[in-house]
Amino acid sequence: RAKQEGRNNYQFFTPEMNTRASHLLRLETELRDALEQRHFTLHYQPQIHLKTGKVRGFEALVRWNHPQHGMIPPLDFISVAEETGQIVELGYQVLEQACREIKQLRETSKQPYYVAVNLSPRQLRDPGLVHSIAQILERTGLPARKLELEITETALMEQIDQSLALLHDLEALGVTLSIDDFGTGYSSLSYLKQLPVHSLKIDRSFVQDIPADPDDMAIIAAVTAMAQKLNIEVVAEGLETEQQFHYLRYNHCTLVQGYFFSPPVPFDQLEETSIKIQQTLTEMTQAIEYND
Ligand code: C2E
Ligand code: MG
Ligand code: MG
Ligand code: MG
């Protein structure tokens, strides 16, 4: 009888659902192995300070270095890791690697670099988060103020009451906070004032259509003006063209990040990449001054 019911239950799954379920199950198992064997690696994308033309820090972006399938981008596995809860363990591996590597680069390059690390909504609900970050900072020796945590606007606003307390605990630890994908969610401006936020990352979708889309340009001008008044830095992501660069510079955007200067690169190419970016910028600004 039980077996019979079991079989009947089984028919609840359409062939399509069965495929999705088994796909997820398999991915979960593979993720577990990858976490055990530390198959995740970080690429880093430079963030350029427009006033000084210097690379000030890097965003750490995870990749799954899969023995059969090669480098798998985060969009193919982060949401599953989020669903299964494995993002918590993955997140700690990412934080530890990012802090260790950038601490090392700060020493070899003698530059005061910071690192920005993405946190997902599930990680924000982990009660051990603040304590674990404190331990990672202690183990790796990276100064707390050189770790920036990127939290998406949507994740932040989902549970704003809990988020407020958490953000203040993180602030007390000395790490800095950045609102990622800004403009895609629904932040209330009054919260911005209350949150201990160091920077806003204007989402790529507002940058990509410059200069064709006057609305996006107006939004960028307004956000940078507002942030300046609130004493919050603005980072523009997804900068791909020289025209976009000039527009963001004109509007006093604090930092830019995008393929125009560099895609995310493996750790061992980071120093060389940063030096090249600074040379390019020196040449560009000299040309601008000459044209003025
Ligand atoms: P994000 O945090 O908004 O990161 C920016 C994404 O835009 C990165 O994609 C980056 O490679 C890409 N990008 C940078 N410049 C350009 C550009 O000029 N043009 C275009 N078209 N794209 C650009 P990536 O590395 O595939 O990461 C995608 C998303 O995955 C990230 O979006 C973030 O939400 C998530 N993610 C990545 N690493 C982690 C992680 O360690 N933990 C968590 N929780 N999420 C992560
Ligand atoms: Mg990010
Ligand atoms: Mg972003
Ligand atoms: Mg984004």
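Residues numbered from 1 in each chain as written. Chains lettered and ligands numbered in written order. Predicted model: local features only at pLDDT ≥ 70, side-chain atom pairs only at ≥ 80, totals over all residues. Heavy atoms only, no water.

Re the coordination of the magnesium ion (ligand 3)
Here is the rule: Each metal's donors are the N, O and S atoms within 2.8 Å of it, or within 3.2 Å when it is Na, K or Ca, and because water is not part of the set, sites may look incomplete. Accessibility here uses a 1.4 Å probe with only protein chains present; expressed as a share of the type maximum, an area under 20% marks a residue as buried, one over 50% as exposed, and anything in between as partly exposed.
Here the magnesium ion (ligand 3) is held by Asp180 (OD), Asp181 (OD), Glu237 (OE) and Glu237 (OE), and the distances to it run 2.1 to 2.7 Å. Site description for the magnesium ion (ligand 3): donor spacing in sequence, D-D-x55-E. A separation of 3.8 Å is found between the magnesium ion (ligand 3) and the magnesium ion (ligand 2), which share Asp180 as a coordinating residue. For Asp180, a relative accessible area of 6% corresponds to the buried category.

Points about the coordination of the magnesium ion (ligand 2)
Coordination angles at a metal have ideal targets, namely 109.5 degrees for four tetrahedral donors and 90 or 180 degrees for six octahedral donors. The protein atoms that coordinate the magnesium ion (ligand 2) are Glu59 (OE), Asn118 (OD1), Glu150 (OE) and Asp180 (OD), at distances of 2.0 to 2.3 Å. In primary sequence terms, the donor set of the magnesium ion (ligand 2) follows E-x58-N-x31-E-x29-D. Of the residues examined, Glu59 reaches a relative accessible area of 5% and is grouped as buried.

Quick notes on the site of ligand 1
Threshold: Any residue with a heavy atom lying within 4 Å of a molecule or strand is counted as near it. Polar contacts, as used here, are pairs of N or O atoms within 3.5 Å; protein pairs need one atom able to donate a hydrogen and one able to accept it. Residues neighboring in sequence count only if both atoms are side-chain atoms. Starting at the N terminus, helices and strands are each numbered in turn, a helix being any DSSP run of H or I of at least four residues and a strand any DSSP run of E of at least two. Ten residue types, Ala, Val, Leu, Ile, Met, Phe, Trp, Tyr, Cys and Pro, are classed as nonpolar, four, Asp, Glu, Lys and Arg, as charged, and the remainder, Gly among them, as polar.
Lining the immediate environment of ligand 1, one finds 24 residues, of which Arg63, Asn118, Arg204, Glu240 and Tyr259 sit closest. Taking Arg204, its side chain carries an N or O atom lying 2.9 Å from an oxygen atom of ligand 1. For ligand 1, a nitrogen atom lies 2.5 Å from a polar atom in the side chain of Glu240. For the shell around ligand 1, the elements supplying multiple residues, two or more each, are β2 (54–66), α4 (87–109) and β6 (176–182). Ranked by residues supplied to the shell around ligand 1, first place goes to β2 with four residues. Its residues placed into classes, the shell around ligand 1 shows ten nonpolar, six polar and eight charged.

Considering the packing of aromatic side chains
The test is simple: Geometry of aromatic contacts follows a simple scheme: Phe, Tyr and Trp rings, the Trp one being its six-membered ring, pair when their centres are within 6.5 Å, and the pair is stacked under 30 degrees between planes, edge-to-face over 60, tilted otherwise.
Scanning all chains against the criterion turns up eight aromatic pairs. For the pair Phe58 and Tyr113, a centre-to-centre distance of 4.7 Å together with 65 degrees between the ring planes defines the contact as edge-to-face. Placement of the pair is Phe58 in strand β2 and Tyr113 in the loop between α4 and β4 (114–119), with a sequence separation of 55 residues. Phe58 gets classed as buried once you look at its relative accessible area, which sits at 0%. Its relative accessible area of 5% is what places Tyr113 among the buried residues.

Section: the packing of helix α6 (residues 129–140) against helix α8 (residues 160–173)
Put simply, the test is: An axis is simply a line fitted to the C-alpha atoms; with a helix, the fit covers only the stretch in contact. Between two such axes, the angle follows the N-to-C directions and lies from 0 to 180 degrees. In what follows, roughly perpendicular refers to angles from 65 to 115 degrees, roughly parallel to angles under 35, roughly antiparallel to angles over 145, and oblique to any angle outside these ranges. By convention the crossing between two helices is left-handed if the near helix lies anticlockwise of the far one by an angle smaller than a right angle, and right-handed if it lies clockwise. Two residues form a contact once any of their heavy atoms are found within 4.5 Å.
One way to put it is that α6 packs onto α8 with a least axis distance of 10 Å and a crossing angle of 20 degrees. Comparing their axes, α8 and α6 come out roughly parallel. When the axes of α6 and α8 are compared, the crossing they make is right-handed. Packed against α6, whose contacting residues are Leu129, Val130, Ile133 and Ala134, the element α8 presents Leu166, Asp169, Leu170 and Leu173 at the interface. Across the contact of α6 with α8, the residue classes tally to seven nonpolar, no polar and one charged.

Here's the deal with the confidence of the model for the protein
The condition that has to hold: The pLDDT score gives, residue by residue, the confidence of the prediction method on a 0 to 100 scale.
Summing up the model confidence of the protein, the mean pLDDT is 91 and the portion of residues at 70 or higher is 93%. Segment residues 1–13: pLDDT under 50, and three contacts once partners within four positions in sequence are set aside and those in other chains are kept.

Some details on unusual backbone geometry
Here the residue pair Ile210 and Pro211 is connected by a cis peptide bond, since its omega of 10 degrees sits within 30 degrees of zero. Structurally, Pro211 is set in the loop between α10 (204–207) and α11 (214–230). Notably, Arg38 is not glycine yet its phi reads approximately 55 degrees, a positive angle. Tracing the backbone through its elements, the reader meets Arg38 in the loop between α2 (15–36) and β1 (40–49). Its identity as a non-glycine residue notwithstanding, His252 has a phi of 60 degrees, on the positive side. If you trace the backbone, His252 turns up in the loop between α12 (242–250) and β9 (255–257). Looking at His252, the relative accessible area reads 54%, which means it is exposed.

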